[in-house]
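# Structural overview for review
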Amino acid sequence: MSDLIFLDSAGSSIMPAEVVDEVVGHLRRETEIGGYRAAAERRDDLEAGYGVLAELFGCAPSEVAFTDSATRSWLTAFDAVPLAKGDRVLVTEVEYGGNAVPMLRRAEETGATIEVVPSDRHGQLDVDALDLDERVKLISLVHVPTNGGLVNPVNEVTAKAREVGALVLLDACQSTGQLDLSAVDYDMLVCTGRKWLRGPRGTGALVVRDDVRERLRPRLMDHSAAEWTDLDRFEPRADARVFELWEFGVADRLGLIAAARYALAKGLDVIEAEVGERARRLREGLADLPGITVRDLGERRSGIVTFTSDREPAVELKDRLWRENVAVTVSQRASTRFDMTRRGLDEVVRASPHYFVTAEEIDRALERISRSG
């Protein structure tokens, strides 16, 4: 039995056996009959996957697109939002670096502006501080940041955005698989498979609501996203699959579908409660340790727990814990520059216990964290 205490599901979690079996089994089948025939055998299962993810996100199957990562999902959705000089894009103070860079790049190209919405006293987006007018074309809303446990309000933001016709692009990378998203309101959502959902790396999804799809202009389209109808004409698909590419890893997609089924079978409400309880135990235990400062913000908190030590720099503490079989990671300023700069932080240790982590393992991790470096 492994002695590993795994506290890094916000990075890349441990896949259930059912997911591994699905991926490996299909790869083996490809070695027997080739990729095309193996995929044809699973055509119905792949098609059913749209309904599985629709249940996970509380949307229609027509609103689901599969991708190879959250990055691909986010870039595809953001690139499809029309922007021009004078348009405004609003972001939270916990905006992720992987989103910020392409936004800044498009701002350079189009003359649009990127504006940061202030946080409230709890550290989450201040809904009352939203400065909205008809120039606001998009709100980039990180649901759960990579560097802390807060959960941003979504439905309140979306309701206000609709008053001026702005779109809400929800980064659900750190909430998919640990929070129940079925009642969350947004226009577009992106997620990855490898984190809390416990799917394979190289998988992701994009949700685009049917009623906003016509407002978007996807540029990266191939012959699965659109039909080549005449020598000089094409017809885009009339669903979210207009954002998909023809080529994909069939084994990985089947693994993602299996991971979503696994989460749904356990129950999203059960997962949210169990992850919350483990994070609470870890957070409270850290707060009791001398020299340790818990850095999480937010009125509502998720399964991400961040902290710093007065005795060890974050990277050195992470490396020591790895040697002691405690898997954590470090979140650095460049990943959430607005927030970390505002709080005067360069790096924090990030722990993210999933429901499969036991109370006894959390207590053992706390004991190892408490040791001087």
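Residues numbered from 1 in each chain as written. Predicted model: local features only at pLDDT ≥ 70, side-chain atom pairs only at ≥ 80, totals over all residues. Heavy atoms only, no water.

## What to know about the overall build of the protein
Of regular secondary structure, the protein possesses 12 helices and 15 strands. Here the protein has a C-alpha radius of gyration of 21 Å; the compact-globule value for 373 residues is 21 Å, and the two agree. Structurally, the protein occupies a C-alpha span of about 70 × 55 × 30 Å along its principal axes. Taking all contacts inside the protein whose residues are at least 6 apart in sequence as the whole, residues at least 24 apart take part in 71%. Roughly 16,600 Å² of accessible area belongs to the protein as shown, and the carbon and sulfur atoms make up 49% of that amount. Looking at the protein, you have 49 positive and 65 negative side-chain charges, and the mean spots of the two groups are 3 Å apart. (Helix = DSSP H or I, 4+ residues; strand = E, 2+ residues; numbered from the N terminus. Rg over C-alpha atoms; globule rule 2.2 N^0.38 Å. Contact = heavy atoms within 4.5 Å. Areas by Shrake-Rupley, 256 points an atom, 1.4 Å probe, with all protein chains shown as cover. Lys, Arg positive; Asp, Glu negative; His and termini not counted. Charge placed at Lys NZ, Arg CZ, Asp CG, Glu CD.)

## Observations concerning the packing of aromatic side chains
Under the criterion given, the structure shown has 5 aromatic pairs. Residues Phe6 and Phe356 carry aromatic rings whose centres are separated by 6.3 Å and whose planes lie at 35° to one another, so their mutual orientation is tilted. Here Phe356 lies in the loop between strand 15 (347–351) and helix 12 (359–370) and Phe6 lies in strand 1 (residues 5–6), a separation of 350 residues in the sequence. Overall, Phe356 belongs to the partly exposed group, its relative accessible area being 27%. In this structure an aromatic cluster arises from ring pairing among Phe6, Tyr355 and Phe356. The ring of Phe78 carries Arg106 above its face, with NZ or CZ at 5.1 Å from the centroid. (Phe/Tyr/Trp six-rings, centres within 6.5 Å; stacked < 30°, edge-to-face > 60°. Buried < 20%, exposed > 50% of the residue type's maximum accessible area, 1.4 Å probe, protein only. Lys NZ or Arg CZ within 6 Å of the ring centre and 35° of its normal.)

## Looking at the packing of helix 1 (residues 17–33) against helix 8 (residues 250–266)
Any two packed helices are characterised by the angle at which their axes cross and by the distance between the axes. At a minimum axis separation of 8 Å, helix 1 and helix 8 run at an interaxial angle of 155°. With respect to helix 8, the element helix 1 is oriented roughly antiparallel. Helix 8 is crossed by helix 1, and the crossing has right-handed handedness. Listed contacts from helix 8 to Glu18, Val19, Glu22, Val23, His26, Leu27 and Glu30 of helix 1 are Val250, Ala251, Asp252, Leu254, Gly255, Ala258, Ala259 and Tyr262. Looking at the contact of helix 1 with helix 8 residue by residue, the classes come out as 9 nonpolar, 2 polar and 4 charged. (Axes fitted to C-alpha atoms, helices over the stretch in contact; angles between N-to-C directions. Parallel < 35°, antiparallel > 145°, perpendicular 65-115°, else oblique. Left-handed = near helix turned anticlockwise from the far one by under 90°. Nonpolar A, V, L, I, M, F, W, Y, C, P; charged D, E, K, R; others polar.)

## Focus: the pattern of salt bridges
The full count for this structure, using the stated rule, is 37 salt bridges. Measuring nitrogen to oxygen at the nearest pair gives 2.7 Å for the salt bridge that ties Asp133 to Arg135. The buried category is assigned to Asp133, whose relative accessible area is 17%. Among the residues examined, Arg135 registers a relative accessible area of 41% and is labelled partly exposed. One salt bridge connects Glu277 with Arg280, and the closest N-O pair in it is separated by 2.4 Å. You can see Glu277 and its partner Arg280 sitting in helix 9 (residues 268–287), 3 residues apart, about one turn around the helix. Overlapping salt bridges, with partners in common, bring together Arg88, Glu115, Asp131, Asp133 and Arg135 in one network. (Salt bridge = Lys/Arg side-chain N within 4 Å of Asp/Glu carboxyl O.)

## What to know about the environment of Ala365
Among the structural elements, Ala365 can be located in helix 12. Here Ala365 falls in the buried class, since its relative accessible area comes to 0%. Taking the C-alpha atoms as reference, Ala365 lies 9.1 Å from Glu324; in sequence the two are 41 residues apart.

## Notes on the pairing of strand 8 (residues 204–208)
Of all 5 residues making up strand 8, 5 are buried, and the element is well covered by its neighbours. Of the two faces of strand 8, the one holding Gly204, Leu206 and Val208 and the one holding Ala205 and Val207 are both buried throughout. The pairing of strand 2 (residues 64–67) with strand 8 spans 4 bridges and is antiparallel. Its bridge partner being in strand 8, Thr67 is matched across the sheet by Gly204. Here 5 bridges tie strand 7 (residues 188–192) to strand 8, and the two strands are oriented antiparallel to one another. Along strand 8, the bridge assignment pairs Met188 with Val208. (Pairing = 2+ DSSP bridges.)

## Let's talk about a nonpolar patch on the surface
Together, Met15, Val20 and Val24 make up a nonpolar patch on the protein surface, roughly 180 Å² of accessible area in all. By the secondary structure assignment, Val24 is in helix 1. (Patch = residues over 30% accessible without salt bridge, like charges linked within 9 Å, V, L, I, M, F, W, Y side chains within 5 Å.)

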